[in-house]
Amino acid sequence: MIEINKDEIQYIPIINHIASKSDLDMLTDSFVSKDVRLDTWIRNLSNAYEHHILGLVSTTLIMHGGKLIGFYAARVGNLEVEEDEKKQLKGEAYIPSVEILYFVMHKDYEGQGIGSMTMMDLIADLIEANAYMAIRYLFCWSVDVPKTLHFYRNRGFDMMDTQQDGLRLMRFAIPDTRDIQLISEYNDDLLI
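Quick look at the structure, then. If you're wondering where the values come from, they're calculated on a predicted model, not measured in any experiment. (Residues numbered from 1 in each chain as written. Predicted model: local features only at pLDDT ≥ 70, side-chain atom pairs only at ≥ 80, totals over all residues. Heavy atoms only, no water.)

A look at the environment of K34
Argument step 1. If you trace the backbone, K34 turns up in the loop between helix 1 (21-28) and helix 2 (36-43).
Argument step 2. Along the backbone, K34 and K107 are 73 residues apart, and their C-alpha atoms lie at a distance of 6.1 Å.
Argument step 3. Excluding residues that lie within four positions of it along the chain, K34 makes contacts with K107, E110 and K147.
Argument step 4. Reaching out from K34, the side chain makes a polar contact with the side chain of E110 at a distance of 3.1 Å. (Helix = DSSP H or I, 4+ residues; strand = E, 2+ residues; numbered from the N terminus. Contact = heavy atoms within 4.5 Å. Polar contact = N/O pair within 3.5 Å; in protein donor to acceptor, adjacent residues only side chain to side chain.)

Structure below.
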């Protein structure tokens, strides 16, 4: 494990950092996570870079000192609601959400709270955006491994019944900014 100063971490959209296949190769050459599928995804220019340009998936690089230590890829979508929630939502079957397709850390940087900090920063951004556009949930497909599921549950994600290809659907309810302000008025320990 390589320890780093978290204050030096930068989040950079891939299109602001990569201009060619050789740039991507240099950036990802030493990137190794615990999942070869995800390493392959970031190394494929048509996946990470071209999907970003086409507006299909936005990939954000997690950088430290010019080195790629992680990334996440997300897009806006719709989440099909469960039957009990559909009744509350007056029959709406699909609700606006943000989907995390991939959330990956380099194996040497796991366990330092970088993933937690990144997830909380992303959630804070979505809470702020929710004041201007509807985003009801942040959801992701997690590997069905106890340690990874525990990571998401500890950050407020609910485990859904939906599973596919060894992955489990997790969701986080994006609170309204007014709700956060009301909560923070009664709880001085809450950081916004």
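Quick word on the sheet that holds strand 3 (residues 67-80)
Argument step 1. An order of 1-2-3-4-5-7-6 is seen for the seven strands of this open sheet, with the pairing classed as mixed. The open sheet has two edge strands, strand 1 (9-13) and strand 6 (158-164), and neither has a second partner. Strand-to-strand twist in this sheet, taken as the mean axis angle between neighbours without regard to direction, amounts to 30°.
Argument step 2. Sheet analysis places strand 1 next to strand 2 (residues 58-64), joined by five bridges and oriented antiparallel. Opposite Y11, over in strand 2, you have I62 as the bridge partner.
Argument step 3. In the packing of helix 2 onto the sheet, the strands contacted are strand 2, strand 3, strand 4 (94-105) and strand 5 (137-143), and the crossing angle to strand 3 comes to about 95°. (Pairing = 2+ DSSP bridges. Axes fitted to C-alpha atoms, helices over the stretch in contact; angles between N-to-C directions.)

Structural notes on the pairing of strand 4
Argument step 1. Counted residue by residue, strand 4 has nine buried out of twelve residues, so it is predominantly covered.
Argument step 2. As paired strands, strand 3 and strand 4 are joined by eleven bridges and run antiparallel to one another. Bridge assignment links A74 to a residue of strand 4, and that residue is I100.
Argument step 3. Judged from the four bridges that link them, strand 4 and strand 5 form a sheet pairing that is parallel. Paired with V98 across the bridge in strand 5 is L138.
Argument step 4. What joins strand 4 to strand 5 is helix 5 (residues 114-130), and the crossover it makes is right-handed. (Buried < 20%, exposed > 50% of the residue type's maximum accessible area, 1.4 Å probe, protein only. Right-handed = clockwise from strand over helix to strand, strands pointing away.)

Concerning the layout of surface pockets
Argument step 1. Empty space within the largest pocket amounts to approximately 1,000 Å³.
Argument step 2. Residue contributions to the lining of the largest pocket peak at seven residues, all from strand 4.
Argument step 3. Class assignment for the residues of the lining of the largest pocket results in 16 nonpolar, ten polar and eight charged. (1 Å grid on protein atoms, 1.4 Å probe; cavity = no way out; pocket = protein on both sides within 12 Å on 5 of 7 lines; lining within 4 Å. Points joined across faces, edges and corners; volume = space filled by probe spheres on them. Nonpolar A, V, L, I, M, F, W, Y, C, P; charged D, E, K, R; others polar.)

Digging into the side chain of T60
Argument step 1. With respect to the helices and strands, T60 occurs in strand 2.
Argument step 2. Apart from residues no more than four positions distant in its own chain, T60 is found in contact with Y11, I12, P13, G70, F71 and Y72.

Details of helix 3 (residues 45-53)
Argument step 1. Residues of helix 3 that are buried: L45, N47, A48, Y49 and H52.
Argument step 2. Buried residues in helix 3 make contact with strand 1, helix 1, helix 2 and strand 2.

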